[in-house]
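Close look at the chain arrangement
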Amino acid sequence: MLRYAASRLVSLILSLVVASLVIFAVLEIIPGDAASFMLGMNAAPDTLAALREQLGLNGSLLSRYLVWVTGMLQGDFGTSYTYRTPVSELIAARMEVSVPLTLYALVLSTAIALPVGLLAAARQGKATDLAVMGTTQLGVAVPNFWFAMILVLIFAVNLRWLPSGGFPGWEKGIWVNVKALTLPAVALALPQASILARVMRSSVLETLTQDYVRTARAKGLNRTQAVLRHAFRNALIPVLTILGLQFSFLLAGAIIIENVFFLPGLGRLIFQGITQRDLIVVKSVVMLLVGAVILVNFLVDLAYALVDPRLRRRA
Amino acid sequence: MRTRWSLYLGAALAGLFALAALISLVWVPVPVEQLAIANKMKPVGTPGFLLGTDHFGRDILSMLMVGARTSIAVAILAVGIGIAFGVPLGLLAAARRGGLVDELVMRGNDLVFAFPSLVIAILITAVFGPSATNAIIAIGIFNIPVFARVTRGGALSLWTLDYIRAAEVAGKGQARISAEHILPNIANLLIVQGTIQFSLGILAEAGLSYVGLGAQPPIPSWGRMLAESQTMISMAPHLAILPGLAIVLTVLGLNLMGDGLRDLLDPRLRRAR
Amino acid sequence: MSLLSVENLSLSIHGTPILENVSFTMKAGEVFGLVGESGSGKSLTSFSVMGLLPEGAKVSGAAKLQGHDLLALTESQMCHVRGREIGMIFQEPMTALNPVQSIGDQVAETLVIHGAATRAEALRIARDKLNRVGLTEDRFPLSRFPHELSGGQRQRVCIAMAIALRPKLLIADEPTTALDVTTQAQILDLLKDLVAEEGMGLLLITHDLAVVAGVADEVAVMQQGRIVEQGPTEALFRTRAHDYTRRLFAASAHQPDRAATAGTEPLLSVDGVRRSYALPRAGFFGPQPRLEAVKGVSFTLHRGESLGLVGESGCGKSTLTRAILGLEPIQGGSITLCGEKIRAGAVPPAQRARMQVVFQDPYGSFNPRHKVGRLVAEPFHLAPIPPAGQRDRVAAALTEVGLKPSDAEKYIHEFSGGQRQRIAIARALIVRPELIILDEAVSALDVRVRAQILDLLADLQGRLGLSYLFISHDLHVVRAITDRVLVMKSGEIVEQGLTGAVFSAPRHSYTRQLIAATPVIPSDWTVSNDALV
């Protein structure tokens, strides 16, 4: 188990290094250099030179990369050109919105999808199953930001149950913020839950055809017991894979959803960064998002080993 | 029976939007460049403007038709990129299974999966500016590992079969075996995956143009129609509902078609779904 | 009173009749063998008794366990019978156990699910049962997972699971078919002992007459959903009243007529061949472990000879085959065909054309998208000739293996398993090779089809002067078709010699063990002069 975890850790670090190299390289192929890109064509030469100095553009390629990476490791993401504040402070403030939103949506999606998928599999071919399959087929087709707009139209504009957007901030108490994040989280979670429920269903049905389920039935387990005691845990293995991928979709979805609800999260930050050509902000946020996805996939790998004893002994 | 039903309904829905996109090349009810402030915000059912008009007085039906063109073109080209690069990579990885190429393809895949397509789009637009082309590239890059994985997985299971051994004993090389024996037998998988990626491409394009990273004005796109409608959602909900429905119905149609095709082409998968 | 009495059992699935009026009775403490070829309905008979039929199944008749009709029970009542009154084990031990649950938990579950014991007690009983089936505590603690066990050990776990509640009836559906012959002998012994000890009845389902001969007290022969003959094993085997039974016996002991074609000129020389694989590293910087699959094997195959290579699974015979075919590199020694060395990955077409192969699986051996004509013509890639000539040669090859030239226009799914093996032989013959490697080529076939293919092979060898390298785990088959035999174990050849000599007077202990483990029908039971192996 320890050896497996160590090998996953090594590959986690390698992935992070490669991802940082890719991001660094993409921003290096900007026509001209980052400073002239950020300031536009009519920049005064001395402003340009000052920015180049600040960005460390005068160093060699290698030293620029190392400065960037070592800075990040110490929590120093540079200073935003437009906000004139450390990027790390900007990110920290925005994460107070984005992280709870993503987790809220992930928990909601998993809590809905797994039981629903299991239920549909247990009632295969029956009315419950058909209803689940129909609803999820529709859910998969709905873009989350449009779903968000429809939710706003119904629950904020017409029923006035929940706010249509904005984020009061955690100092105003937990409840108002949970209310503010509920519609965005539901909009994010339901389309993802549709996918996850379908995967769960087909995965359970697949395991139900396995020989060991027949063995269990021959021991005297009824169909439900066979599903819960034998099929469920085996079915979780592919579901975990999808769950890992979904985190990255939720993260990307959150970036868009934040725009629908005017939430001051990382998504808003990155789009402001793009319009203001603030490459320091864009680069840092992208690295952070990618890093989060890689980290979650590492956690999924560890979860595999908990579910599947065959992995524990493998290096 | 259910299979055929889902295939036909799906094909009909997807075909309807494909047809609308094709017709828009030669004719639309009202040219979308035509701004007539006098006609602005007409409701659904107004004579001459079947689905109403937006805040610039543009005909919604016409915009939806041209928008279909944008969506479908972006999604098809993105699937094309995925197939053109992903399938050969997957075939190569399977032919040299366990080798360096296989390892590189798989690790490269993991890396691309760590960048959600939106993040790739953000990186690209941050550098090259937003455009439909960059949206195609961003979605297309994300399709490459998907097709590589599907191809590799399907090909790997075929490489263990004895008829591949027989072809080797008949002196055929890896490239020839891949083309003659592997590719035709995984074509079903690729067609089904292609349909799925097509529908995901439509969703991704809508998302990108919603946040302004897709096709730029004046080219109409469903995502931007939604973005523009957002501030007027309480006054004119149809501006938000109609483009959304267009997206949902197209994607639903493609997904149903994909399910139907999978059942039709591969009876073994029928029980699993 | 009888233990199990099946009366006029009929079964149809989605309207297709599967079983017709199957009736038999078995007593407690007895082994009842149900024999038949694939598709005869023997497995579905047992699933009917267990109430584990697929959807769309319709049964009629009765299956009475000590007088109570199981077919009349509801599903929830059947759940109380399964595991408690009737235990069952299956053919494929590799997939029969839940991979994510420990063996202790899986055995204990039988007790827990029937409320027969608390979890702690159940685990203690599970320990006893595992000990009983030969999995002792020191080597097989309850916390072991299935993937840590071999096929035979897993089958023992399945048996422990099935007998945990001391059921009255144990159903074993081809319990040893997936196992090696030495493991098979041990599992059969275990089952026999359990029947004697526990006084339960064993319904043994198998395709193998010799297995039944050694184990069963009573036997029933099934063909196409009916029981054609039944009775005490010895009496039934001696008289063979029914025509089908006679044909089955004749086929299983079939000895093809072989002309002596073996020459003395070496065709294939294998000299000190070693083959090892790199195993996954332990950690990123650990040393690369290697698995030695073939450890210095040497032999010579002469022109016109039929040479057998026998060994159990994992002995390295498949690896050796791929090396001879030039599909895998070797790490030492040399392989020479017709005086030319075989170099993996660089075999010239002319050399390839001298050596072709027939594989085991009649279903995986052909690209389903190509017509038979194209499939058979594939080796012309090695020695291209004009299309018209190819068509004639394909027609000739199909005729040679007993098919029609018009079959070239059909797709492979239109043919049965035996016909497919004929097509595979036609494909191997098409470039007129000197050596054909038969890699378990008849192992997947039913006995009667197997006998026909063996005849075909013997006939072709006589007419075309072919040489065979015949790889098999089945001693009967090797004895029937080869001149000389090699016995392989753990990557080494432990014994070689003339087939008759090796089988009648084996010198190596492993060969003796193999021969002793192979089930046979006692020779004094045979009435015909068929030489039984």
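Residues take numbers from 1 onward in each chain, read along the sequence in its written order. To label them, take the chains in the order written and letter them from A, then take the ligands in the order written and number them from 1. Thresholds applied to this predicted model are a pLDDT of at least 70 for local features of residues and 80 or more for the giving and counting of side-chain atom pairs; totals over whole chains, interfaces and linings are not thresholded and use all residues.

On to the overall build of chain B, then. When helices and strands are tallied, chain B shows nine helices and zero strands. Secondary structure elements of chain B occur, N-terminal to C-terminal, as α-α-α-α-α-α-α-α-α. Its C-alpha atoms give chain B principal-axis dimensions of roughly 75 × 50 × 30 Å. Split into buried and exposed, the 273 residues of chain B put 54% on the buried side. Considering only contacts within chain B whose residues lie at least 6 apart along the sequence, 71% involve residues at least 24 apart. Labels follow the DSSP assignment, with helices taken as runs of H or I lasting at least four residues and strands as runs of E lasting at least two, numbered in each case from the N terminus. Three exposure classes are used, all based on how many other C-beta atoms lie within 10 Å of a residue's own C-beta (placed from the backbone): buried at 20 or more, exposed at 12 or fewer, and partly exposed between those limits. For every residue pair, C-beta atoms are placed from the backbone, and the pair is scored as a contact if these atoms sit within 7 Å.

Attention shifts here to the overall build of chain A. When helices and strands are counted, chain A shows 13 helices and zero strands. Starting at the N terminus, the α and β elements of chain A follow one another as α-α-α-α-α-α-α-α-α-α-α-α-α. Each principal axis of the C-alpha atoms in chain A carries an extent, and together these give about 85 × 55 × 35 Å. Expressed as a percentage of its 315 residues, the buried residues of chain A come to 42%. Partitioning the intrachain contacts of chain A with sequence separation of at least 6 by distance along the chain shows that 69% fall at a separation of at least 24.

With numbering aligned to this structure, UniProt lists the feature "transmembrane region" (unreviewed entry) at residues 7–28, 72–95, 111–129 and 239–258 of chain B. End-to-end, the C-alpha atoms of residues 7–28 of chain B are 29 Å apart, and along that stretch the chain is 91% helix and 0% strand. UniProt positions are given in the numbering used here, feature names are shortened, and annotations may be inferred rather than shown by experiment.

Bringing helix 1 (residues 42–50) of chain C into the picture now. Residues and elements named next belong to chain C. Taking burial as the measure, the nine residues of helix 1 include seven buried ones, the bulk of the element. Of all the residues in helix 1, the buried ones are K42, L44, T45, S46, S48, V49 and M50. Directly beyond the C-terminal end of helix 1, a positive phi value near 70° is found at G51.

Residue and element names in this part refer to chain C. Reading across from one edge, 2-1-4-5 is the order of the four strands in this open sheet, with antiparallel pairing throughout. Each of the sheet's edge strands pairs with one partner strand only, and the pair in question is strand 2 (16–26) and strand 5 (68–69). One bridge is not enough; two strands pair if DSSP finds at least two bridges between them. With eight bridges connecting them, strand 1 (residues 4–13) and strand 4 (residues 57–65) associate as antiparallel partners. Across the sheet, V6 pairs through a bridge with A63, a residue of strand 4.

Now for the sheet that holds strand 6 (residues 86–89) of chain C. All names here are of chain C. Taken in spatial order, the six strands line up as 6-7-8-3-9-10 in an open sheet, and their pairing is mixed. Where the open sheet ends on each side, the last strands, each with one partner, are strand 6 and strand 10 (226–232). Direction aside, neighbouring strands of the sheet carry axes that sit 15° apart on average. Helix axes are fitted to C-alpha atoms over the stretch in contact, other axes to C-alpha atoms as well, and angles between N-to-C directions run from 0 to 180 degrees. On top of the sheet, helix 6 (residues 151–163) reaches strand 6 and strand 7 (169–173); it is set at about 170° to strand 6, its chief contact.

The subject of this paragraph is the environment of M95 of chain A. Residues and elements named next belong to chain A. Counting through the fold element by element, M95 comes out in helix 5 (residues 87–122). The class of M95 is partly exposed, set by 16 C-beta atoms lying within 10 Å. Each C-alpha atom of the pair M95 and G265 lies 6.2 Å from the other, and the pair is 170 residues apart in sequence.

Residues and elements named next belong to chain C. Its place among the elements puts E434 in the loop between helix 15 (417–429) and strand 17 (435–439). Taking the C-alpha atoms as reference points, E434 and D459, separated by 25 residues in sequence, lie 15 Å from one another. Those residues in contact with E434 that lie beyond four places of it in its chain are L267, R354 and S467.

Attention now goes to the packing of helix 7 (residues 144–158) of chain A against helix 8 (residues 174–208) of chain A. Between two packed helices, what matters for the description is the angle formed by their axes and the separation of those axes. Residues and elements named next belong to chain A. Look at helix 7 against helix 8: their axes get within 9 Å of each other, and the N-to-C directions meet at 135°. As the angle between them shows, helix 7 and helix 8 are arranged oblique. Both helix 7 and helix 8 take part in a crossing whose hand is right-handed. Side by side, helix 7 and helix 8 meet where N144, F147, A148, L151, V152, F155 and A156 of the first sit next to L183, P184, V186, A187, L188, L190 and P191 of the second. Under the scheme applied here, ten amino acids are nonpolar (Ala, Val, Leu, Ile, Met, Phe, Trp, Tyr, Cys and Pro), four are charged (Asp, Glu, Lys and Arg), and all others, including Gly, are polar. Partitioned by chemical class, the residues of the contact of helix 7 with helix 8 number 13 nonpolar, one polar and no charged. Between 65 and 115 degrees an angle is taken as roughly perpendicular, under 35 as roughly parallel, over 145 as roughly antiparallel, and anywhere else as oblique. When the near helix sits turned anticlockwise from the far one by under a right angle, the crossing is termed left-handed; a clockwise turn instead gives a right-handed crossing.

Residue and element names in this part refer to chain A. Where helix 5 contacts helix 10 (residues 223–260), the two axes come as close as 10 Å, and the packing angle between them is 150°. The pairing of helix 5 with helix 10 is recorded here as roughly antiparallel in orientation. Considering the relative orientation of helix 5 and helix 10, their crossing is right-handed. Contact residues: helix 5 offers S98, L101, T102, A105, L106, S109, T110, L118 and A122, while helix 10 offers T224, V227, F232, L243, Q246, F247, L250, L251 and A254. Grouping the constituent residues of the contact of helix 5 with helix 10 by class yields 12 nonpolar, six polar and no charged.

Listed as interface residues are 14 residues of chain B and, on the opposing side, 18 residues of chain C. Contributing elements (two or more residues each) for the side of chain B that touches chain C: helix 6 (162–169) and helix 7 (174–210) of chain B. It is helix 6 of chain B that contributes the most residues to the side of chain B that touches chain C, seven residues altogether. A class-by-class count of the residues in the side of chain B that touches chain C yields seven nonpolar, three polar and four charged.

Let's shift gears to the UniProt feature "domain: ABC transmembrane type-1" (unreviewed entry) in chain B. In the numbering used here, UniProt assigns the feature "domain: ABC transmembrane type-1" (unreviewed entry) to residues 68–258 of chain B. Annotated as residues 68–258 of chain B, this span is 83% helix and 0% strand, and its ends, taken at the C-alpha atoms, are 19 Å apart.

Now for the interface of chain B and chain A. With 32 residues of chain B at the contact, the number on the chain A side is 41 residues. Of all the secondary structure elements, the ones that give two or more residues to the side of chain B that touches chain A are helix 3 (100–114), helix 4 (117–128), helix 7 and helix 9 (237–265) of chain B. Residue composition of the side of chain B that touches chain A, by class: 24 nonpolar, six polar and two charged.

Take helix 11 (residues 317–324) of chain C next. All names here are of chain C. A large share of helix 11 lies buried, amounting to seven of its eight residues. Of the positions making up helix 11, those classed as buried are K317, T319, L320, T321, R322, A323 and I324. Count one or two residues on from helix 11 and you reach G326, which has phi positive near 75°.

This part takes up the UniProt feature "transmembrane region" (unreviewed entry) in chain A. Residue and element names in this part refer to chain A. UniProt tags residues 12–30, 103–122, 143–162, 174–197, 235–257 and 285–307 as "transmembrane region" (unreviewed entry). With 89% helix and 0% strand, residues 12–30 has end C-alpha atoms that lie 28 Å from one another. Secondary structure across residues 235–257 divides into 100% helix and 0% strand, with the first and last C-alpha atoms of the span separated by 31 Å.

All names here are of chain C. Sheet topology note: the strand 1/strand 2 ladder contains seven bridges and is antiparallel. Bridged to S12 within strand 2 is P17. Where strand 1 folds back onto strand 2 in an antiparallel hairpin, the turn is made up of two residues, including H14, whose phi is positive at roughly 50°.

Among the five residues in strand 7 of chain C, five count as buried, and that is most of the element. Side chains L169, I171 and D173 of chain C of strand 7 of chain C all project onto a buried face; the interleaved residues L170 and A172 of chain C project onto the opposite face, where all are buried too.

So, on to the environment of R274 of chain C. Residues and elements named next belong to chain C. Tracing the backbone through its elements, the reader meets R274 in strand 11 (residues 266–278). Measuring from C-alpha to C-alpha, the distance between R274 and G296 comes to 4.8 Å, with 22 residues separating the pair along the chain. With near-sequence residues (within four places) excluded, R274 lies in contact with V294, K295, G296, I330, Q331, G332 and G333.

All names here are of chain B. Per-residue confidence from the predictor is reported as pLDDT, a score between 0 and 100. Of the residues in chain B, 96% have a pLDDT of 70 or more, and the chain-wide mean is 84. Mean pLDDT across the elements of chain B ranges from a minimum in helix 4, with 78, to a maximum in helix 2 (residues 60–95), with 91. Below pLDDT 50 for its whole length, residues 267–273 participates in eight contacts with residues either more than four positions away or in separate chains. The ipTM assigned to the predicted complex is 0.84, against a pTM of 0.83.

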